[in-house]
Every structure is written in structure tokens, then in C-alpha cells.
Amino acid sequence: MMRKKYKTKFPVARIKKIMQMDEDVGKVAQATPVLISKALELFMQSLIDHACQETRARNAKRMSVSHLKKTIMTTEQFDFLKDTVANIPDPVETTDGGEGPSSGGASNNDMEGILSADEPETEAPPPQPKKRRTRRK
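Note that the structure is predicted; figures quoted are calculated from it, not measured.

Novice: I keep staring at the overall build of the protein chain and nothing clicks. Help me out?
Specialist: When helices and strands are tallied, the protein chain shows 5 helices and 0 strands. Taken across its 137 residues, the protein chain has 21% of its residues classed as buried. In the protein chain, of all internal contacts separated by at least 6 residues, the share reaching a separation of at least 24 is 41%. For the protein chain, the computed accessible surface area is about 12300 Å², with 53% contributed by carbon and sulfur atoms.

This is the structure in C-alpha cells:
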């Protein structure tokens, strides 16, 4: 009997690894990470679709963090994310219809604040030159 190979957008092995990091999780059935991956895909598609509608409603060409925030704050389905986006500043509306000084809404630094809210901001060390490997004879 051949098993069907499911094509998923999110890595199943990584999902399984994340699940097993929780000490309360024991063995994980083979289908579970595949289902989680599919659920994550559908959730992301729904969030992006709603944010796209918000972007179009503002006649913007690019989706920004402020569009995602507005979507989360106004759509009941995403209420559980309100605490996550609460720290993102609202864009300053201008009279010409753009958002903020660069018409891009919230800056990339705002998104970085969401993604790494637990980590203190530090500068990255300068890149190190790559070492060449030599073959042993």
C-alpha cells in the first residue's frame, strides 16, 4: 500500500519538531503535522485575503502592517491576535490620501517589533569572512 504524498506550503518536519518541543506533547501521529500545515495555510490565506480587501479599500498599491492591523482589529475571526498588534502605531492619515510620510503606512521596524517582541533590540555583529576549507592529502 502506497502512502499519498501531500504537498504542503509549510514544512511538516518543522511543525512536528515545534510540536514536540512542548513537554506535554507525546507521540505525534503522522497525519497531525500535515493537518496543522494545511490549517496554517488556510488561516494565512484568510488573513491575507481580508487584509487585501482592506488595502484595496484604502486605494493602496502595497499591503502594509497597518492594513494587517486594521484587518485584525475589525474582523471578529482574528480577535485572538488583537493583543499581538496592539503595540503597532496607527498610521498618520494625510490629506492627500496617503499613509504617513512615505505613503507606506507602518514601517518595517514595526513588523520586526511584533516578530521579536520578547527579544531586546541589538545590533547584528559584522559579517565574518568565510574560511576556506583545505583538502587533506
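Once the structure has been displayed, the description carries forward.
Novice: Help me out: how do you make sense of the pattern of salt bridges in this one?
Specialist: Pairing is possible between side chains that carry opposite charge, provided their charged atoms lie close to one another. For the structure on display, the rule yields 4 salt bridges. Of the charged contacts in the structure, one is a salt bridge between aspartate 90 and lysine 69, with a shortest N-O distance of 3.0 Å. With a gap of 21 residues between them, aspartate 90 in the loop between helix H4 (82-85) and helix H5 (108-115) and lysine 69 in helix H3 (residues 65-74) connect regions that are remote in the sequence. Lysine 69 sits in the buried class, given a relative accessible area of 8%. We note a salt bridge from lysine 82 to aspartate 79, for which the minimum N-O separation is 3.4 Å. Residue classification places lysine 82 among the partly exposed residues on the basis of a relative accessible area of 30%.

Novice: Quick question: what am I supposed to make of the side chain of serine 66 here?
Specialist: Secondary-structure assignment places serine 66 in helix H3. In this structure the side chain of serine 66 is engaged in a polar contact, spanning 2.8 Å, whose partner is the side chain of serine 64.

Novice: Would you explain the nonpolar core in this entry?
Specialist: In globular proteins that are soluble, nonpolar side chains generally tend to be buried together. One finds Leu47, Ala51, Val65, Leu68, Ile72, Phe78, Leu81, Val85 and Ile88 forming the largest nonpolar core, which totals 9 residues. Only helix H2 (31-57) and H3 provide two or more residues apiece to this core. The element that contributes the greatest number of residues to this core is H3, accounting for 3 residues.

Novice: Hey, could you run me through the packing of H2 against H3 in this one?
Specialist: When two helices pack together, their arrangement is captured by the angle between the axes and the distance separating the axes. Close contact between H2 and H3 brings their axes to 9 Å; oriented N to C, the two are set at 110 degrees. Accordingly, the angle class assigned to the pair H2 and H3 is roughly perpendicular. On the side of H2, the interface is formed by Leu47, His50, Ala51, Glu54 and Thr55, while H3 contributes His67, Leu68, Lys70, Thr71 and Ile72. In the contact of H2 with H3, the residues fall into 4 nonpolar, 4 polar and 2 charged.

Novice: Where do I start with H2 in this structure?
Specialist: Helical geometry: 3.6 residues make up each α-helical turn, so side chains three or four residues apart lie on a common side. Taking 1.5 Å of rise per residue, 27 residues should cover 39 Å, and H2 covers 39 Å from first to last C-alpha, within 8% of that figure. Phi turns positive one or two residues past the end of H2, at asparagine 59, with a value near 55 degrees.

What counts and how
- Residues numbered from 1 in each chain as written.
- Predicted model: local features only at pLDDT ≥ 70, side-chain atom pairs only at ≥ 80, totals over all residues.
- Heavy atoms only, no water.
- Helix = DSSP H or I, 4+ residues; strand = E, 2+ residues; numbered from the N terminus.
- Buried < 20%, exposed > 50% of the residue type's maximum accessible area, 1.4 Å probe, protein only.
- Contact = heavy atoms within 4.5 Å.
- Areas by Shrake-Rupley, 256 points an atom, 1.4 Å probe, with all protein chains shown as cover.
- Salt bridge = Lys/Arg side-chain N within 4 Å of Asp/Glu carboxyl O.
- Polar contact = N/O pair within 3.5 Å; in protein donor to acceptor, adjacent residues only side chain to side chain.
- Core = buried A, V, L, I, M, F, W, Y, C linked by side-chain atoms within 4.5 Å.
- Axes fitted to C-alpha atoms, helices over the stretch in contact; angles between N-to-C directions.
- Parallel < 35°, antiparallel > 145°, perpendicular 65-115°, else oblique.
- Nonpolar A, V, L, I, M, F, W, Y, C, P; charged D, E, K, R; others polar.
- Expected span 1.5 Å × (residues − 1).

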